[in-house]
Amino acid sequence: SKKRSRRHQRFMERRALLEQRGLLGPRRRPGTQGRPSGPTKVTQRCGKVPKAEVSMSPTPSVDSVAAHRSASSQSDRAGGTSAGVQPCHPPPSKYVAIDCEMVGTGPRGRLSELARCSVVSYHGDVIYDKYVLPLLPVVDYRTRWSGVTKRHMESAIPFRAAQAEILKILKDKIVVGHAVHNDFQALKYFHPKDRTRDTSRIPLLNQRAGLPAGASASLKSLARHLLQKKIQVGCRGHSSVEDARTAMELYRLVEVPWEMELACTQPPRPPSPADPSTDSHQYMDDQYWPQDLMAGTL
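Residues numbered from 1 in each chain as written. Predicted model: local features only at pLDDT ≥ 70, side-chain atom pairs only at ≥ 80, totals over all residues. Heavy atoms only, no water.

The chain carries the name AEN nuclease in an unreviewed UniProt entry, which gives Alectura lathami as its organism. What UniProt records for the chain under Subcellular location (unreviewed entry) is the sentence "Nucleus". (UniProt positions renumbered as here; feature names shortened; annotations may be inferred.)

In structure tokens:
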């Protein structure tokens, strides 16, 4: 139609103006190779075939951008990954490991409440380590296992304050821990399952340690078999920092195969809704062009 022809003519005029100002590379015709946009230097070396040094324009062409967007949209519709492309792996800053120590409260000290919490980074650096005052009076410090004594409670912070600080650290993180559901229970918190890595439930670790795949191995046993390291020894109780670091070390042993297995078992990502603003035909309208370019063409 005439209206479409006029719009196309304006589009071609603006394209030519962009190419003239160096804001857009020359368009490549089908079946031909694009010519270099910069000067070509030819050097002769020891009778060898001359090599051309080409300086390419840093501005991508419209065709290449459109092809990239098309490939990205097809990848999203296919579930986020395409053939031959590995799933996106979160950076190390997204990983933390946690371990908590509990004391006994309530009747006969049968209730377990948080008394110490430690959080370490992917590389084992301590992010958080504080003693926590339980909501109920402590009946049994369980020092032989927790390492917590009455002296530690003198400098402990209230549970609600500690809970707010810890949950702020865990937000949007992938949390590693051993039997980590116990730690979440002590924090009165539920972490998303797809962002939780429990080293007590990884068959890969049990296989490497020569244990049954379905067995629930202790952190101490896995550390001895796979890391050649002794933890939780002596009568002073466990160290939550040491246990968190050990859980992270165990996770890193099987990180790549475990994440690949999780990527295959997780449900596909739902397709992203179509955004009408990304339709390339709309960019021919006057509203998408700067005023200085319109003044030179209209």
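Still more ground to cover, so stick around.
**Q** When you look at the overall build of the chain in this model, what are you seeing that I'm missing?
**A** A tally of regular secondary structure across the chain gives 11 helices and nine strands. In the chain, which comprises 298 residues, the proportion classed as buried is 33%. Residue pairs in contact within the chain that sit at least 24 positions apart in sequence constitute 56% of those at least 6 positions apart. When the accessible surface of the chain is split by element, carbon and sulfur atoms take 55% of a total near 19,600 Å². (Helix = DSSP H or I, 4+ residues; strand = E, 2+ residues; numbered from the N terminus. Buried < 20%, exposed > 50% of the residue type's maximum accessible area, 1.4 Å probe, protein only. Contact = heavy atoms within 4.5 Å. Areas by Shrake-Rupley, 256 points an atom, 1.4 Å probe, with all protein chains shown as cover.)

**Q** Sorry if this is basic, but what is going on with the packing of aromatic side chains here?
**A** Ring pairs (aromatic) are described by centroid distance and by the angle formed between their planes. Throughout the structure, instances matching the rule amount to four aromatic pairs. With centroids separated by 5.8 Å and ring planes inclined at 55°, the aromatic side chains of Tyr95 and Tyr122 adopt a geometry described as tilted. You can see Tyr95 sitting in strand 3 (residues 95-105) and its partner Tyr122 sitting in the loop between strand 4 (111-121) and strand 5 (126-133), a full 27 residues away along the chain. The buried category is assigned to Tyr95, whose relative accessible area is 1%. Relative accessible area serves as the criterion here: at 13%, Tyr122 is assigned to the buried category. Aromatic pair Phe184 and Tyr189: ring centres 5.7 Å apart, planes at 85°, arrangement edge-to-face. An aromatic cluster of three or more residues is present, and its members are Tyr95, Tyr122, Tyr251 and Trp258. (Phe/Tyr/Trp six-rings, centres within 6.5 Å; stacked < 30°, edge-to-face > 60°.)

**Q** Would you mind going over the packing of helix 9 (residues 240-253) against helix 10 (residues 255-265) with me for this structure?
**A** The angle between the axes and the distance between the axes are what describe a pair of packed helices. It is at 5 Å that the axes of helix 9 and helix 10 come closest, and there the two elements cross at 70°. Here helix 9 lies roughly perpendicular to helix 10, going by the angle between them. Facing helix 9, whose interface residues are Tyr251, Arg252 and Leu253, helix 10 presents Glu255, Trp258 and Glu259. (Axes fitted to C-alpha atoms, helices over the stretch in contact; angles between N-to-C directions. Parallel < 35°, antiparallel > 145°, perpendicular 65-115°, else oblique.)

**Q** When you look at the environment of His225 in this model, what are you seeing that I'm missing?
**A** Residue placement: His225 occurs in helix 8 (residues 219-226). By relative accessible area, His225 is classed as partly exposed at 35%. The spatial distance from the C-alpha of His225 to the C-alpha of Leu211 is 9.8 Å, given a sequence separation of 14 residues. A distance of 2.8 Å separates a polar atom in the side chain of His225 from the backbone oxygen of Ser221. (Polar contact = N/O pair within 3.5 Å; in protein donor to acceptor, adjacent residues only side chain to side chain.)

**Q** Would you mind going over the nonpolar core with me for this structure?
**A** Nonpolar side chains tend to gather and get buried jointly when the protein is soluble and globular. Counting 24 residues, the largest nonpolar core has Tyr95, Val176, Leu205, Leu222, Met248, Leu250 and Tyr251 as the members making the most contacts within it. For Met248, the residues in contact, after removing those within four places along its chain, are Tyr95, Val96, Ala97, Ser121, Tyr122 and Val176. (Core = buried A, V, L, I, M, F, W, Y, C linked by side-chain atoms within 4.5 Å.)

**Q** I keep staring at the side chain of Asp243 and nothing clicks. Help me out?
**A** Relative to the elements of secondary structure, Asp243 occurs in helix 9. Nearest to the buried, unbridged Asp243 among oppositely charged side chains is Lys229, at 8.0 Å. Those residues in contact with Asp243, other than ones at most four positions away along the chain, are Asp99, Glu101, Leu219, Ile231, Gln232 and His238. (Lys, Arg positive; Asp, Glu negative; His and termini not counted. Salt bridge = Lys/Arg side-chain N within 4 Å of Asp/Glu carboxyl O.)

**Q** Would you take a moment to explain the pattern of salt bridges for this structure?
**A** For side chains bearing opposite charge, pairing can occur when the charged atoms are close. In this structure the tally under the stated criterion is five salt bridges. Residues Lys130 and Glu165 are paired through a salt bridge, measuring 3.2 Å at the closest nitrogen-oxygen approach. Of this pair, Lys130 sits in strand 5 while Glu165 sits in helix 5 (residues 159-170), placing them 35 residues apart in sequence. Using a relative accessible area of 32% as the deciding quantity, one classes Lys130 as partly exposed. Accessibility expressed as a relative area gives 30% for Glu165, which makes it partly exposed. Of the charged contacts, one joins Arg201 and Asp198 as a salt bridge, the two residues approaching to 3.7 Å between their closest N and O atoms. On the basis of relative accessible area, Arg201 is assigned to the exposed category, the value being 61%. Overall, the relative accessible area of 9% leaves Asp198 in the buried class.

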